[in-house]
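Chain by chain, the residues:
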Amino acid sequence: MRLRFKLALAVVDFLLLMAGLLLALGLRLDFDQAAMGRFLTPNHLWFYGMASGLTVVAFFLFGLYEKVWRYAGIYELLAMVWAVTAVVVPIGVLILLAGGSFFPRTGPVIAAFLWLSLCGGLRFALRISSHRRVQRGDTYRRVLVVGANDAGEAVVRELIRQRTGLDPVGFLDGDPDRRRIRIHGVPVLGTPDQVADIARDYQVSEVILAQSDPAVVRTVVGACASTELQLRLVPSLSDVAGGHVTVNSIREVQIEDLLERDPVRVELASVGEYLRARRILVTGAGGSIGSEICRQVVHLGAESVIMMGRGENSIYEIALELRGEPVIPFIADTRDRGRLEELFRRHQPQVVFHAAAHKHVPLMEANPSEAVSNNIFGTALLMELAERHQVEKFISISTDKAVNPSSVMGASKRMVELLLARRAAPGFAAVRFGNVLGSRGSVIPTFRRQIAAGGPVTVTDADMTRYFMTIPEAVSLVIQAGALAQGGEIYILDMGSPVKIMDLARNMIRLSGYEPDLDIPILVTGVRPGEKLYEELVNTGEETESTRFPKITRVISPAPPPEWPGPELEDLRQAAAHSQDERCLELLARLVPRYERPSA
């Protein structure tokens, strides 16, 4: 509150307090002028100025000139009660000791109620004035808020306070105990599944979701599918609790908000000690996962982050983003021994996150020797050098496609898991997880492009399901798993329930403001080479055990035969080096349990 306004309000308070004392005197003496005159002589007027002045000082000490009209409510009223009590009690004692010679003995009690009414009424009037909606022009929009909770209260308060032209007309909440209540004068009108009908009845143009529960978000998105309602979502509960909710922070609903589980939140500061003051190597640093690893580890106190990749443009982009941080761009291929040896000699990494890989399933089906060369032998070289240079941690990113693999990409990743387990070097581990929302080559960017082009959106099979995580979720759990790594383990991340790709496509179309099948057609194209209808997280014969982190599970795999991999590993290396695709497929089928090469 500006100083000029504070002073003006203090002056008005002083005058109201004086008026309250005079009115209390009149009420006590039935407005008998003769009786009142006895207490209004020049010798008594000091009392009225002193009492009013002390009360203004008490208002200041209790913070009433800091919050006044913007948030006038129960807490300000209580502060005013305490301030008035702090003045009335000693004044009442003083009057009693003086025998009521300068003011009636019961007058302070009456004055207290009048002060609260007059000064409280002033603040209530200021609050109403500050809450006037902008009801003219194109900026005026009526809004429903889903969630009569703390987040919903914060949203409505901010909408009213900031005078944005957004008029909250009601809440929607599924809790029957919250029916027919009002928050800041805004009523609860119904439940989230009634959003379309209520929006029509109240001429609402926008819905703000103050409940981030994916089930509630999906209900509202589905109910609004055939409407033109704009949907937006409040920030996280931590922002609400911290008082950081503003109108500008309310964002559009994203596909990540529709996952079949609650968002994964990891307190990295408590588990990232093994990265503090360490030299970190991130391979594939220009990719979706690798770049996010770089972003997160630089904020965990790493001494330096060597960002390695073979694509100069993507490495340049992440280096530009992290300019000012201790990052070192390094262009190299994981299969280039000389270049990798130079990296380890020059930068001496202590922790390695290996995210570089070919991951596109259909492309790798068409180029098996490249998948073998890059994914298997590039990783094997990196593990060899990491062990030789005694790195403290080596975390290899794996995939759910390595489970009972049906593709070359999955088989190559399973081969890496087996080689890492056989090596069992201290601090080495693999982390297995599913699809990552928004990563390059994933289904989400493809759907977005298809929707932007007007369709059709292509789905390979109506029953196909996949596990999904967001990029920050996956990376934070990978970093957490790194704290567990001891030597040759495989960890899997809690991916929640699998999501039907058809449902994902329909929800993305709805979030884009279209109706599936009506505005944007969905075309089922058939399963592509190497794809499975259902992904798994654990191989046949594998067992799992919990870890100290609730979202991370250790996989216990049966050990391969003692003679594995034998001379066939070198045969596979030579076949890949000479681009002998058929030979690569034949050898993969021998080396990787439960992998069967595709029929010709």
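Residues numbered from 1 in each chain as written. Predicted model: local features only at pLDDT ≥ 70, side-chain atom pairs only at ≥ 80, totals over all residues. Heavy atoms only, no water.

1. Let's talk about the overall build of the protein
Worth spelling out the cut-off: Only DSSP runs of H or I with at least four residues qualify as helices, and only runs of E with at least two residues qualify as strands; both kinds are numbered from the N terminus onward. Each accessible area is a Shrake-Rupley result for a 1.4 Å probe, and residues are judged covered by the shown protein chains and nothing else.
A count of helices and strands for the protein gives 21 helices and 22 strands. By element, 53% of the accessible surface of the protein is carried by carbon and sulfur atoms, the whole surface being about 27,800 Å².

2. A short note on the side chain of Asn404
Stated precisely, the cut-off is as follows: Any pair of nitrogen or oxygen atoms within 3.5 Å is treated as a polar contact; in protein, a donor-acceptor pairing is required on top of that, and neighbouring residues in sequence qualify only through side-chain atoms on both sides.
Take Asn404: it is sitting in the loop between β12 (393-399) and α16 (408-423). At 3.3 Å, the side chain of Asn404 and the side chain of Thr540 are in polar contact.

3. Structural notes on the packing of helix α20 (residues 568-577) against helix α21 (residues 581-591)
Between two packed helices, both the angle of their axes relative to each other and the distance between the axes serve to describe the pair. Note the following rule: Helix axes use the C-alpha atoms of the stretch in contact, all axes being lines fitted to C-alpha atoms, and the angles between their N-to-C directions lie in the range 0 to 180 degrees. Working definition: roughly parallel below 35 degrees, roughly antiparallel above 145 degrees, roughly perpendicular at 65 to 115 degrees, and oblique for all remaining angles. Left-handed describes a crossing whose near helix is turned anticlockwise from the far helix through less than a right angle; right-handed describes the clockwise counterpart. Only heavy atoms matter for contacts: two residues are in contact if any of them lie within 4.5 Å across the pair.
Between α20 and α21, whose axes approach to 9 Å, the crossing angle comes to 155°. By the criterion of interaxial angle, the relationship of α20 to α21 is roughly antiparallel. Seen from above, α20 lies across α21 with left-handed handedness. On the side of α20, the interface is formed by Glu568, Leu569, Asp571, Leu572, Ala575 and Ala576, while α21 contributes Arg583, Cys584, Leu587, Leu588, Arg590 and Leu591.

4. Let's talk about the nonpolar core
Cut-off, in case you're wondering: Residues enter a nonpolar core if they are buried and are Ala, Val, Leu, Ile, Met, Phe, Trp, Tyr or Cys, with the set joined through side-chain atoms within 4.5 Å. A simple rule labels every residue: compare its accessible area, found with a 1.4 Å probe on the protein chains alone, to the largest value its type can have, and call it buried under 20%, exposed over 50%, or partly exposed in between.
One finds Leu275, Val305, Met307, Phe353, Phe433, Ile479 and Leu493 to be the most contacted residues of the largest nonpolar core, which totals 50 residues. The leading source of residues in this core is helix α18 (residues 471-482), at seven residues. With 43 residues, the next largest nonpolar core counts Met308, Ala411, Leu569 and Leu587 among its residues.

5. Here we look at unusual backbone geometry
Residue Gly455 is joined to Pro456 through a cis peptide bond whose omega torsion reads 0°. Put simply, Trp564 and Pro565 share a cis peptide bond, and its omega is 0°. Tracing the sequence through the fold places Pro565 in the loop between β22 (552-556) and α20. One non-glycine residue, Gln348, adopts positive backbone phi at about 50°. Turning to its location among the elements, Gln348 is positioned in the loop between α13 (337-347) and β11 (351-354). Judged by relative accessible area, which is 46%, Gln348 ranks as partly exposed. Unusually for a residue other than glycine, Ala424 sits at a positive phi of about 50°.

6. Describing empty space enclosed by the protein
Put simply, the rule is: A 1.4 Å probe that fits but cannot get out identifies a cavity on a 1 Å grid over protein atoms alone, an open set with protein on both sides within 12 Å along at least five of seven lines counts as a pocket, and a residue lines either if it has an atom within 4 Å of a point. Grid points are joined across faces, edges and corners, and a volume is the space filled by probe spheres set on the points. Any residue that is not Ala, Val, Leu, Ile, Met, Phe, Trp, Tyr, Cys, Pro, Asp, Glu, Lys or Arg is counted as polar, Gly included; the first ten are nonpolar and the last four charged.
Evaluation of the coordinates by the stated rule reveals two cavities of 30 Å³ or more. If you list the elements that add at least two residues to the lining of the second largest cavity, you get α3 (45-61), α5 (74-97) and α6 (107-130). Ranked by residue count, the leading element in the lining of the second largest cavity is α6, at three residues. Residues of the lining of the second largest cavity, tallied by class, amount to eight nonpolar, no polar and no charged.

7. Structural notes on helix α19 (residues 501-511)
All of the buried residues in α19 are Ile501, Met502, Leu504, Ala505, Asn507, Met508 and Ile509. The positive-phi residue at the C-terminal boundary of α19 is Gly513, with phi of around 90°.

8. Thoughts on the pairing of strand β18 (residues 489-493)
The condition that has to hold: One requirement defines pairing of two strands: DSSP has to find at least two bridges between them.
Among the five residues that make up β18, five are buried, leaving the element largely enclosed by the rest of the structure. Here β18 shows two buried faces, one formed by Glu489, Tyr491 and Leu493 and the other by Ile490 and Ile492. In the sheet, β18 pairs with β22 via four bridges, with the strands oriented antiparallel. Counted as the bridge partner of Leu493 is Ile552 from β22.

9. Let's talk about the packing of aromatic side chains
Cut-off, in case you're wondering: Whether two aromatic rings pair depends on their centres lying within 6.5 Å, for rings of Phe, Tyr and Trp, where Trp uses its six-membered ring; planes under 30 degrees apart make the pair stacked, over 60 edge-to-face, and the rest tilted. For a ring to carry a charge above it, either NZ of a lysine or CZ of an arginine must fall within 6 Å of the ring centroid while also lying within 35 degrees of the normal to the ring plane.
A full pass over the atoms with the stated rule returns seven aromatic pairs. Measuring from ring centre to ring centre gives 5.2 Å for Trp46 and Phe102, while their planes differ by 50°; the resulting arrangement is tilted. Of this pair, Trp46 sits in helix α3 while Phe102 sits in the loop between α5 and α6, and the two are 56 residues apart along the sequence. An angle of 50° between the planes, with centres 5.2 Å apart, marks the rings of Phe47 and Phe102 as tilted. Within this pair, whereas Phe47 is found in helix α3, its partner Phe102 is found in the loop between α5 and α6, the two being separated by 55 residues in sequence. Both residues of the pair, Phe47 and Phe102, count as buried. An aromatic cluster is built from Trp46, Phe47, Tyr48, Phe102 and Phe103, whose rings are joined through pairwise contacts. Geometry around Phe330 places Arg339 over its ring, the cationic atom sitting 4.0 Å from the centre. In this structure, Lys393 packs its charged tip against the face of Tyr274, placed 5.6 Å from the ring centre.

10. Here's the deal with the environment of Phe447
Residue position: Phe447 is located in helix α17 (residues 443-452). Once residues within four sequence positions are removed from consideration, Phe447 is found in contact with Val457, Thr458, Val459, Ile501, Leu504, Ala505 and Met508.

11. Focus: the pattern of salt bridges
Quick note on the threshold: Counted as salt bridges are all cases of a side-chain nitrogen of Lys or Arg within 4 Å of a carboxyl oxygen of Asp or Glu.
The tally for this structure, following the rule as stated, stands at 37 salt bridges. Between Arg279 and Glu303 there is a salt bridge, with the nearest N and O atoms lying 3.8 Å from each other. Taken together, the positions of Arg279 in strand β8 (residues 279-283) and Glu303 in the loop between α11 (288-298) and β9 (304-309) put the pair 24 residues apart, joining distant regions of the chain. A cluster of three or more residues bridged by salt bridges with shared partners is formed by Asp400, Lys401, Arg466, Lys532, Glu535 and Glu536.

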